[in-house]
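# Survey of secondary and tertiary structure
Listed below are the residues making up each chain.
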Amino acid sequence: MRALTTRELVAATRTAAVPVAALLLLSAGAAFVLIWAPRMPTITTTNLYEQARAVQWILLAAVLPWMAVRSSPMDRLDSIALMAAVIAARPSSAVAAKIAGAFLVQLFVVFAGLPALVLAQQAAAVPLSAVFADLLPVLGLALLVAATSVASIVLAADGLRAAVWTSVVVLAVLLSALGWTSDLWKAGVLCAAAGIVATAFLCALAGGSANMDATDAR
Amino acid sequence: MPLTLIVGAVVAGIIQGAAVVPARESVVLRADAGLGGLARPGRWMPVRVEIDNRTGDLKGEVVVEWGDARVHRAIDVPAPSRTRIELYIRTSDPRGSAAVRVIAGSETVASLEMPVRIAGEEEPLVLCAANDASAAVDDPPCTVTMRPEAFPRSMRGYVAASEVRLPPGAEARLDRAQRSAVQRWRAFRDLEANDLIARIPRAPLAATLESGAGRPARLAAVTAMALLLCASAIWMRRGDSALRSYAAVGVASALGIMVAAFAGRIGPGAELMMRQSTTIAQIGDGALVSMRGSMVYPGYASYTTRVMGFDGDVSRRPAEAPETWFDVEGTPVLDGTFGRGARQDIEVDGVMDYAPLQVSADGVVVRVRNQSESALTECSFPEGFDGPRGGTLEPGSSTTARAVAPADVPFFSCVLPAPALAMMDRRFPVRLEGTTIVSIRLPDVFRAAAVE
């Protein structure tokens, strides 16, 4: 399982998706804090940090699905089952490892965007600890993106389609969550729940597929 | 076992030391407000507070409330000792009583309600020294009689009075601060009686500083971007280990966070910026000071900014109600936690020991001397004088002018190259910029000649 997660992390370093996504996130976040927010009248009464946090969610929802698909190897379900057989693991574990790897890669991108949030936090006189506490719901979003991107890669035939599917699903879940609650914490929890469901579904699918293959082989 | 407990308790007590716990019963509070209980709306009212602390050191604050106004003064009274403080409070919404509270921690250890009688705007308020023989015969008669020792020690304490009567015997009983305060009040009263307060040459209002992201924040953002670009370059290098790629992004992000968190608090730009316009009108051996300005804070931190050598109020603008703070020494303080680039508009009103100009008259010739240690620029005599306009007055030098007609604005004014008020913060240097105008009233030589 660890080997498959490491493989996912190593594969991500072979593409430019992670640094491009990180640079996009940081530059857009910093531009909002330093250029947009001071010049444009605000439509909400929330402070700059809360606004920057909302912008960060929008950016993450836009960037992470693309980055997750681009940085992950295009493994189909049968190749995952094969890899699982090579390392004597269950296919569901291999899928879980792939999702874990995609999740870890996204953490680096989220972390790289934090300086922009810290700039907003310093301007809004909010404790620095709030920035790190507010990372927890972002982890829910990252889990949803990781699970959805792996599912899309497994089910779709090509990268573009996988990226579009991932984006659509993530946006649909996020908008549904935000339609239900405006609290980003609760939205993060809902995203995490959706991510767990997607992971379970994918693991079950991989397990079922492996059983079918074994039956066919017999 | 009990012996062990006793020894443990004793040792713990020795290690911990004596706790500073104010005892309610041990603090005796005495206070009186106004000039013999009289005050006027919109004018400073003196409040004399005496705290007799008998047991347990007392650290906290004295809070005076009158109408919607509130004054806080930090106190540190060791036991047993007695301390006297004089506070000044003003409100445009006065009430028939003022309250004094002594607060230690969050607990009120003593409080007092003082009656205040509000004098009408046209009602004379004649303050006389006790045992003044003229008290009964003069017209108008004394409204309030006080012992000379109880006279306010700041000119602000007299601004509600329409007259202060001090026979020579009583004046000798005043201390230096009281004598100076009365002298300044007389000069102030002279300006007020001649309707000259509104005609004092004022410094033009300074453009307010822009709040928001300053140079440190922009520098931090650029640094974070540059660090991430370097990490990206390492990431993109073929053949490097994956660990190195992730380490590069991780380190760049961590450094970016640190730079974003500390920008403005250390390094270039770590200073409070104050843009102000100050009007100083010399009265006696001091000056009336009115400053309006805006302050921009360099980083997210708690600030304690003091206005040094100043006797007056420093308040935030806009404020729901006038509220001012003073430290243990009585220095005006502005406390608060502000974010990076936050702007605070500030008002400063009061008196200071600053008298750079000296005026003398010989017939219709008026001479003004710069007795300060700094050069004064753009010095001008007003209309009605044939003296120079716009010159520099070096330290110790003088300028003269001949009065040719009664002056409508009888003030000689100069521009101070450096601010007269000094502001200090606990952690950050304070940079003041703006215009300071100092002026002094010129004698009405025509009226003097007519009287002669």
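Heads up: these notes are all about the structure in this document. Quantities reported herein were computed from a predicted structural model and do not represent experimental measurements.

What counts, and at which threshold
- Residues numbered from 1 in each chain as written.
- Chains lettered and ligands numbered in written order.
- Predicted model: local features only at pLDDT ≥ 70, side-chain atom pairs only at ≥ 80, totals over all residues.
- Pairing = 2+ DSSP bridges.
- Helix = DSSP H or I, 4+ residues; strand = E, 2+ residues; numbered from the N terminus.
- Axes fitted to C-alpha atoms, helices over the stretch in contact; angles between N-to-C directions.
- Contact = placed C-beta atoms within 7 Å.

### Thoughts on the sheet that holds strand 7 (residues 97–104) of chain B
Residues and elements named next belong to chain B.
- Read across the open sheet, the eight strands follow the order 8-7-4-5-17-18-15-26; overall the sheet is mixed. Looking along the sheet, the strands with just one partner apiece sit at the ends: strand 8 (107–115) and strand 26 (422–425). With strand direction ignored, the average angle separating the axes of adjacent strands in the sheet is 25°.
- Looking at chain direction, strand 17 (residues 323–326) and strand 18 (residues 332–338) are connected through two bridges and run antiparallel. Across the sheet, Phe326 pairs through a bridge with Pro332, a residue of strand 18.

### A word on the environment of Asp68 of chain B
Residues and elements named next belong to chain B.
- Tracing the backbone through its elements, the reader meets Asp68 in the loop between strand 4 (58–66) and strand 5 (69–77).
- Sequence separation of Asp68 and Ala172 is 104 residues, and the distance between their C-alpha atoms is 38 Å.
- Setting aside residues up to four positions removed in sequence, Asp68 forms contacts with Thr91, Asp93, Ala321 and Pro322.

### So, the sheet that holds strand 23 (residues 389–393) of chain B
Residue and element names in this part refer to chain B.
- The strand order 16-19-14-13-27-25-22-23 describes an open sheet built from eight strands, whose pairing is mixed. With one partner strand each, in any of the chains shown, strand 16 (310–317) and strand 23 form the two edges of the open sheet. With strand direction ignored, the average angle separating the axes of adjacent strands in the sheet is 20°.
- With 11 bridges joining them, strand 13 (residues 272–283) and strand 14 (residues 286–296) adopt antiparallel strand pairing. Among the inter-strand pairings, Thr279 is bridged to a residue of strand 14, identified as Ser290.

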